[in-house]
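# Coordinate inspection notes
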Amino acid sequence: MSANRPAAVVVLAAGEGTRMKSKTPKVLHEIAGRSLVGHVVSAARELEPEHLVVVVGHAREQVKGHLEEHYAGTRTAVQEEQNGTGHAVRMALEELGRAPEGTVVVVCGDTPLLSGETLRALAGTHAADGNAVTVLTAEVPDSTGYGRIVRDASGAVTEIVEHKDASEAQRAIREINSGVFAFDGQLLADGLGKVRTDNSQGEEYLTDVLSILREAGHRVGASVAADHREILGINNRVQLAEARSLLNRRLVERAMLAGVTVVDPASVFVDVTVTFEPDAVILPGTQLLGVTHIGEDAEVGPNTRLKDTTVGRGARVDNTVADSAVIGDSASVGPFAYLRPGTNLGAKSKAGTYVEMKNATVGEGTKVPHLSYVGDATIGEYTNIGAASVFVNYDGEAKHHTTIGSHCRTGSDNMFVAPITIGDGAYTAAGSVITKDVPAGSLAVARGQQRNIEGWVARKRPGSAAAQAAQAASEDSAGES
């Protein structure tokens, strides 16, 4: 094990978070596509610790289920009663069965902006300085509510005083405790056994271990975070929104520095799992969510929401909602298109204005230009689907599939009643309801013969505006003749 690789990382995630005023546990609230605790676990994994333990308490089954689903391999320890941070860490060490030999990093489960880089710097400082404990600190503009870092004349850390227990002089200190520590595992276990509960909350404070170790002659150090915003904890919806904004700004800036043009960064929202290729262009009002990838030279937006969607190189996606779709190279989508799960658009294809697709594979160069629904279908290459077409895929009990071949031309206002197959090179007439297979190269016409009933309006709607217009037209026609 390398010097900077911890023996264990402990994530404290047992609190109820009552100030969130939510049925959802605080650590499961999401920003940028991950839960709060998920962000912390992801940062902790960058250290490649031997053990990763999340301490759960409130809504433990819900939190454990979330971790098992999304962060397999993460262990959990249960804190039956929330008796303080020191007690929570003791529960984690009991879960491990012994005091780890090496570094134990302790982090809070509600600090989603904390980066793996900052944690690595903390672990590196701890190892390099030979400390018994190293606290991650930050200088903040307003230290209200945070534990203050108290130093002696030499600058060494002597103690951390919680806000409610601090004197007026201590409350003026702007250097604060982040709640993130690196400990010598053996000394941590020994110090936790000596923590007392004679404080305003009657709890076991993890911060008391610092004073205990220092009084025993061990070295206590600090690692100052480069950006104080990384240590921001989330206690209410206002802070949740602020963290979301800060994280989004970080993600958008990262994309721009990697060669992506973001026209209006303030109006673009990006999840942590979104990836880009250089020279992609993101227009205002765009949300990129989940496992979405934007290819080189693609242009997305404005006013577009893509989730778990792949956009090919050179594609254009305008005013579109897409979920679990694949958009091929140089394809065109929108404006006002809706691509539902299972949609796969081939290269140079088109899903145009007011087009909805679901579970549909569309071949290269094929166009569905406007006002159509394509569901449960396979369409070949270089086919054109006429305006106002509907793929009638549901019979009230089951979904059925439609197959349309390559180089077909289907008329406007067609109904394709599945299951049917239309062969390569076939045509269908406008206004047709296609209920049978169409052989390759055939023209299908499926509509009633037109019949005009002369004088119907005058007889059935006498005196109406329509009747008057018809009478005037008749008189004009007679005059011309």
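Summary of the structure given here. This is a predicted model, so every value here is computed, not measured. (Residues numbered from 1 in each chain as written. Predicted model: local features only at pLDDT ≥ 70, side-chain atom pairs only at ≥ 80, totals over all residues. Heavy atoms only, no water.)

### As for the overall build of the protein
- Scanning the protein for helices and strands turns up 10 helices and 37 strands.
- Its C-alpha atoms give the protein a radius of gyration of 33 Å, more than 25% over the compact-globule value 23 Å for 481 residues.
- Seen through its C-alpha atoms, the protein measures out along the principal axes to roughly 115 × 50 × 45 Å.
- For the protein, buried positions account for 47% of its 481 residues.
- The contacts in the protein between residues at least 6 apart in sequence include a share of 41% that link residues at least 24 apart.
- Put simply, the protein shows about 22400 Å² of open surface, and 47% of that area lies on carbon and sulfur atoms.
- The protein carries 45 positive and 59 negative side-chain charges, and their two centres are separated by 4 Å. (Helix = DSSP H or I, 4+ residues; strand = E, 2+ residues; numbered from the N terminus. Rg over C-alpha atoms; globule rule 2.2 N^0.38 Å. Buried < 20%, exposed > 50% of the residue type's maximum accessible area, 1.4 Å probe, protein only. Contact = heavy atoms within 4.5 Å. Areas by Shrake-Rupley, 256 points an atom, 1.4 Å probe, with all protein chains shown as cover. Lys, Arg positive; Asp, Glu negative; His and termini not counted. Charge placed at Lys NZ, Arg CZ, Asp CG, Glu CD.)

### Comments concerning the environment of V224
- Mapped onto the elements of the fold, V224 is located in strand β11 (residues 220–224).
- Sequence spacing of V224 and V11 is 213 residues, and the spatial spacing of their C-alpha atoms is 20 Å.
- Every residue in contact with V224, bar those within four places of it in the chain, is listed here: L136, T137, A138, R151 and E175.

### Quick look at the pairing of strand β5 (residues 75–78)
- By the bridge criterion, four bridges tie strand β4 (residues 51–56) to β5 in an arrangement that is parallel. Across the sheet, the residue bridging to V55 is A77, located in β5.
- Handedness of the crossover is the feature at issue here: the chain leaves β4, passes through helix α2 (residues 60–70), returns alongside β5, and the resulting connection is right-handed. (Pairing = 2+ DSSP bridges. Right-handed = clockwise from strand over helix to strand, strands pointing away.)

### Quick word on the pairing of strand β6 (residues 103–108)
- By the criterion of burial, β6 is predominantly enclosed, with six of the six residues buried.
- Neither face of β6 is open: one carries T103, V105 and V107, the other V104, V106 and C108, and all of them are buried.
- Of the pairings in the sheet, the one linking strand β1 (residues 8–13) to β6 comprises five bridges and is parallel in character. Pairing of V9 across the sheet is with V105, part of β6.
- The sheet contact formed by β6 and strand β10 (residues 175–184) spans four bridges and is antiparallel. Residue pairing in the sheet places V106 in a bridge with F181 of β10.

### As for the nonpolar core
- Among the nonpolar cores identified, the biggest contains 45 residues, and I294, V311, I327, L339 and M357 are the most heavily contacted of them.
- Of all the secondary-structure elements, those providing two or more residues to this core are α8 (237–257), β25 (337–339), β27 (350–362), β28 (367–379) and β34 (420–422).
- Dropping the residues within four chain positions of it, I327 is found in contact with T309, T310, V311, G312, A315, V317, V333, L339 and L345.
- One finds V10, V135, V157 and F183 within the second-largest nonpolar core, a separate group that totals 31 residues. (Core = buried A, V, L, I, M, F, W, Y, C linked by side-chain atoms within 4.5 Å.)

### As for the pattern of salt bridges
- Summed over the entire model, instances satisfying the criterion amount to 16 salt bridges.
- In this structure, E175 and R151 form a salt bridge, with 2.7 Å as the shortest nitrogen-oxygen distance. In this pair, E175 sits in strand β10 while R151 sits in strand β8 (residues 148–151), placing the two residues 24 residues apart along the sequence.
- Two residues, R214 and D152, come together in a salt bridge whose shortest N-O distance is 2.9 Å. Taken together, the residues span a long stretch of sequence, with R214 in helix α7 (residues 208–215) and D152 in the loop between β8 and β9 (157–161) at a distance of 62 residues.
- Salt bridges sharing partners connect three or more residues here, namely R90, E94 and E204. (Salt bridge = Lys/Arg side-chain N within 4 Å of Asp/Glu carboxyl O.)

### Section: the packing of aromatic side chains
- Under the defined criterion, the tally for this structure stands at three aromatic pairs.
- Between the aromatic rings of F336 and Y354, the centroid separation amounts to 5.3 Å while the plane-to-plane angle is 15°, which identifies the pairing as stacked. Here Y354 lies in strand β27 and F336 lies in the loop between β24 (332–333) and β25, a separation of 18 residues in the sequence.
- With centroids separated by 5.0 Å and ring planes inclined at 50°, the aromatic side chains of F391 and F416 adopt a geometry described as tilted. (Phe/Tyr/Trp six-rings, centres within 6.5 Å; stacked < 30°, edge-to-face > 60°.)

### Observations concerning the side chain of H126
- Locating H126 in the fold gives a position in helix α4 (residues 116–129).
- Leaving out residues up to four positions away in the same chain, H126 has contacts with T103, N131, A132, V133, T134, A182, F183 and D184.

### Re the packing of helix α3 (residues 85–96) against helix α6 (residues 185–192)
- In contact at an axis separation of 10 Å, α3 and α6 are set at 125° when each is read in the N-to-C sense. Regarding the angle of α3 to α6, the classification is oblique. Considering the relative orientation of α3 and α6, their crossing is left-handed. For the pair α3 and α6, the contacting residues are G86, V89, R90 and L93 in the first and L188, A189 and L192 in the second.
- Residue composition of the contact of α3 with α6, grouped by class: five nonpolar, one polar and one charged. (Axes fitted to C-alpha atoms, helices over the stretch in contact; angles between N-to-C directions. Parallel < 35°, antiparallel > 145°, perpendicular 65-115°, else oblique. Left-handed = near helix turned anticlockwise from the far one by under 90°. Nonpolar A, V, L, I, M, F, W, Y, C, P; charged D, E, K, R; others polar.)

### Some remarks on unusual backbone geometry
- In this structure, the amide linkage connecting G301 to the following residue, P302, adopts the cis form with an omega of 0°.
- With respect to the secondary-structure elements, P302 resides in the loop between β18 (299–300) and β19 (305–307).
- That bond from G334 to P335 is cis: its omega, 5°, falls within 30 degrees of zero.
- Mapping P335 onto the fold places it in the loop between β24 and β25.
- The backbone of H407 shows a phi angle near 55°, a positive value even though the residue is not glycine.

### Points about the packing of α6 against α7
- Direction vectors running N to C along α6 and α7 enclose 105°, while the axes themselves pass 9 Å from each other. With respect to α7, the axis of α6 lies roughly perpendicular. Here L187, L188, G191 and L192 of α6 lie close against α7, whose contacting residues are V209, I212 and L213.
- For the contact of α6 with α7, the per-class residue count stands at six nonpolar, one polar and no charged.

### Structural notes on the side chain of N177
- Examined against the element boundaries, N177 turns out to sit in strand β10.
- According to the relative accessible area criterion, N177 is buried, its value standing at 9%.
- A distance of 2.8 Å separates a polar atom in the side chain of N177 from the backbone nitrogen of G179.
- In this view, N177 contacts V135, L136, Y146, G147, I149, I160 and T207; residues no more than four positions away in its chain are not counted. (Polar contact = N/O pair within 3.5 Å; in protein donor to acceptor, adjacent residues only side chain to side chain.)

Functional significance is not addressed by these values, which are geometric in nature.
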